Amino acid sequence: MLIQVIVSGLLISAIYALATTGFTLLYGVSGILNLAHGTTLAASGIATWYLMGTAQLNPLLAIVLGILTGIVIGLLTFILIIRPLRTLMKLSVADEHVFMLVATLLWTIILQEALSYLFGDVPVSVPQLVPGIVEIFGVRTPISSVLVAGLSWCVIAALWFYVSKTRSGQTILAASINPKGLTLCGVNLNAVHIVVWAIYGGLAGLAGVLVAMILGVSPSGGLELTATAFSIVVLGGLGSVGGTLIAANLIGFIETGTAYLISPSVRTLPALIILIIVLYVRPQGLFGRR
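Presented here is a report on the structure given in the accompanying data block. (Residues numbered from 1 in each chain as written. Predicted model: local features only at pLDDT ≥ 70, side-chain atom pairs only at ≥ 80, totals over all residues. Heavy atoms only, no water.)

**Some remarks on the overall build of the protein**
Argument step 1. Across its full length, the protein holds 11 helices and 2 strands.
Argument step 2. Secondary structure elements of the protein, listed N to C terminal, follow the sequence α-α-α-α-β-β-α-α-α-α-α-α-α.
Argument step 3. A globule of 290 residues ought to have a C-alpha radius of gyration of about 19 Å, and the protein, at 19 Å, matches this closely.
Argument step 4. Out of the 290 residues belonging to the protein, those deemed buried represent 48%. (Helix = DSSP H or I, 4+ residues; strand = E, 2+ residues; numbered from the N terminus. Rg over C-alpha atoms; globule rule 2.2 N^0.38 Å. Buried < 20%, exposed > 50% of the residue type's maximum accessible area, 1.4 Å probe, protein only.)

**What about the side chain of T21?**
Argument step 1. Structurally, T21 can be placed in helix α1 (residues 2-30).
Argument step 2. With a relative accessible area of 3%, T21 lands in the buried category.

**Structural notes on the environment of T54**
Argument step 1. With respect to the helices and strands, the residue T54 is situated in the loop between α2 (37-53) and α3 (59-88).
Argument step 2. Between the C-alpha atoms of T54 and T141, which are 87 residues apart in sequence, the distance is 28 Å.

**Some details on α3**
Argument step 1. Taking 1.5 Å per residue, 30 residues should reach 44 Å; α3 reaches 42 Å between its end C-alpha atoms and fits that length.
Argument step 2. Along its length, α3 shows its largest kink, about 35 degrees, at I82, and proline P84 lies within four residues downstream of that point.
Argument step 3. Restricting attention to buried positions, one finds in α3 the residues A62, I63, G66, G70, I73, G74, T77, F78, I81, I82 and L85.
Argument step 4. Residue N58 occupies the N-cap position of α3, its side-chain oxygen lying 3.0 Å from the main-chain nitrogen of L60. (Expected span 1.5 Å × (residues − 1). Bend = angle between axes of the 7 residues up to and from the residue. Polar contact = N/O pair within 3.5 Å; in protein donor to acceptor, adjacent residues only side chain to side chain.)

**Some remarks on the nonpolar core**
Argument step 1. Residues L18, L41, I82, W197, V217, V234 and I251 are the most contacted members of the largest nonpolar core, which totals 71 residues.
Argument step 2. Ranked by residues supplied to this core, first place goes to helix α8 (residues 189-214) with 13 residues.
Argument step 3. Residues in contact with L18, not counting those within four places in the same chain, are S152, V155, I156, L203, L206, A207 and L210. (Core = buried A, V, L, I, M, F, W, Y, C linked by side-chain atoms within 4.5 Å. Contact = heavy atoms within 4.5 Å.)

**A word on the environment of G257**
Argument step 1. Topologically, G257 is positioned in helix α10 (residues 241-261).
Argument step 2. Counting along the chain gives 182 residues from G257 to L75, while the straight-line C-alpha distance between them is 36 Å.
Argument step 3. Sequence-distant contacts of G257, defined by excluding residues within four places in its chain, comprise V5 and I262.

**Regarding unusual backbone geometry**
Argument step 1. Of note in this structure, Q56 is not a glycine but carries a positive phi near 55 degrees.
Argument step 2. Checked against the element boundaries, Q56 lands in the loop between α2 and α3.

By themselves, these are just geometric observations and shouldn't be taken as functional.
In structure tokens form, the structure reads like this:
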């Protein structure tokens, strides 16, 4: 049982790490806690499921379109919700955070209702692309799950390379450290935010497809995914990518152990309890600075 929990925890943690890296990047640059995050994941997974099943598209093309769904929703969130609040309403920093949380919560409700109307509020799963089983330390594991975990870490590594080694990536990094100074250097901060939201949407879209492939998704399950992501980024420290990766593994193992030892129906409960404890004891998380 212990080996099974460890193997499954490693696989789930990889997906959680991918799903929350974009969430953390977005907060680090824009200071936004996007409560529509889980619904963005769910929408991408549902779109891929529909295109592969009902529309009978090529699986790889369906996955690409599913990722594009995440990008479109991410950009729409910025263009329709975030940018108008910042440009049309002159709010204090504290008030802006509250308005952003409320606005993205209302946005996720709208998205959920639209998804439920179009596809029904039932859990769906994206078919695994690679059939077969492989044994890992005696645990029979789908090959597709192993590939999903490997892909997740490869994408995270590619994101790290982009941010730390490319000029545009370093501009994004500078925007997270000193946005006013970047503006004084002549950089269009609005364009940087659009790029960040597009990257966020792509990461969320891919994560949504992978979550749908391993765990399944539904329109109403979006808030549950958001709660898990929120627990991870708060535990790791808001804005800390390294902290997020560590917290993703911790939450992944805890949720997996809960599902195996107690019941899958309460799998996400420990993450919410951890979130409450962290907010009381150490609000900045493990590695957060603010």
